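Geometric and topological summary
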Amino acid sequence: MSERAIRVLGALGILGGVILIVNDLLFLLGANINLSPLVMLLLSLCVVGLYWRLQPRDKAIAQLGLALAYIAVLASVFNIFYIALGGPPASPQEPSLIGVSTIASLMGTLFALLLIGLAHVTSTGIKEGWRLIPIMTGIFWMPLQSITSYFLGRGLIIAGLLWICVGYAVLAKADIQKN
């Protein structure tokens, strides 16, 4: 994959994080807008970019993570089309196709981030100070979101900040190459 495409995927991760923050701030102000399918698509695409930033890419754990990221991308695209065609809102508790695809999108992104993030710990693909960001985001994303949702509403502000960092980590290699 080209450097430009990897940078675009990193920028999509940053955009997904920003949308999470804006969406949560709007929720705190009383608006109830659900941009989850779009955000999950952006975040899963960022994880694909994280894989392509990996050096070397021949690690089996990272390849499994890439497969999960692609599943999450497909599930997110399905969710967006479902909502665009007027389907009722998804509920993870429903044993329906949209419920399953919502869970696949979220869990696929999370586990892909964990696996690819684990491969990055010893990789040279990301700037040294940023190598732990993906795995730490994978580990702390859900717990921090749960804790902050108790105090702030939905807790997406912290999750958004974490994903902005992951998106930047995907972009960080480009800074090294310019020097």
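Before reading on, note that the structure itself is shown above.
In this report, the structure presented in the accompanying data block is examined. Here the residue numbers are simple positions, counted from 1 along each chain's written sequence. Totals for whole chains, interfaces and linings use all residues, but because this is a predicted model, local features are given only for residues with pLDDT of at least 70 and pairs of side-chain atoms are given and counted only at 80 or more. Where side-chain values are given, they derive from all heavy atoms of the structure, hydrogens and water being excluded.

Quick notes on helix α3 (residues 60-84)
Strands here mean DSSP runs of E at least two residues long; helices mean DSSP runs of H or I at least four residues long; both are numbered from the N terminus. How far a helix is expected to stretch is found by multiplying one less than its residue total by 1.5 Å. Counted at 1.5 Å a residue, the expected span for α3 with its 25 residues is 36 Å, and the 36 Å between its end C-alpha atoms agrees. Tucked into the core, α3 has its buried residues touching α2 (36-53) and α4 (97-120). Count one or two residues on from α3 and you reach G86, which has phi positive near 90 degrees. Note on contacts: a residue pair qualifies if any of its non-hydrogen atoms lie within 4.5 Å across the two residues.

Things to note about the environment of I33
Its location among the elements puts I33 in the loop between α1 (3-28) and α2. Residue burial is assigned from relative accessible area. The probe radius is 1.4 Å, only protein chains are included, and a residue is buried under 20% of its type maximum, exposed over 50%, and partly exposed in between. The partly exposed category is assigned to I33, whose relative accessible area is 36%. In sequence terms I33 and N23 are 10 residues apart; their C-alpha atoms lie 6.8 Å from each other.

A word on the packing of α1 against α2
Packing of α1 against α2 brings their axes to within 8 Å, and their N-to-C directions diverge by 145 degrees. Classified by chirality, the crossing of α2 by α1 is left-handed. Residues E3, I6, R7, L9, G10, L12, G13, L15, G16, G17, I19 and L20 of α1 form the contact with α2, whose own contacting residues are L38, V39, L42, L43, L45, C46, V48, G49, W52 and R53. Side-chain classes are defined by residue name, with Ala, Val, Leu, Ile, Met, Phe, Trp, Tyr, Cys and Pro counting as nonpolar, Asp, Glu, Lys and Arg as charged, and the others, Gly among them, as polar. Looking at the contact of α1 with α2 residue by residue, the classes come out as 14 nonpolar, five polar and three charged. Lines fitted to C-alpha atoms define the axes here, with helix axes fitted over just the stretch in contact, and angles between the N-to-C directions of these axes take values from 0 to 180 degrees. Take the far helix as your reference; a near helix turned counterclockwise from it by less than a right angle gives a left-handed crossing, and one turned clockwise gives a right-handed crossing.

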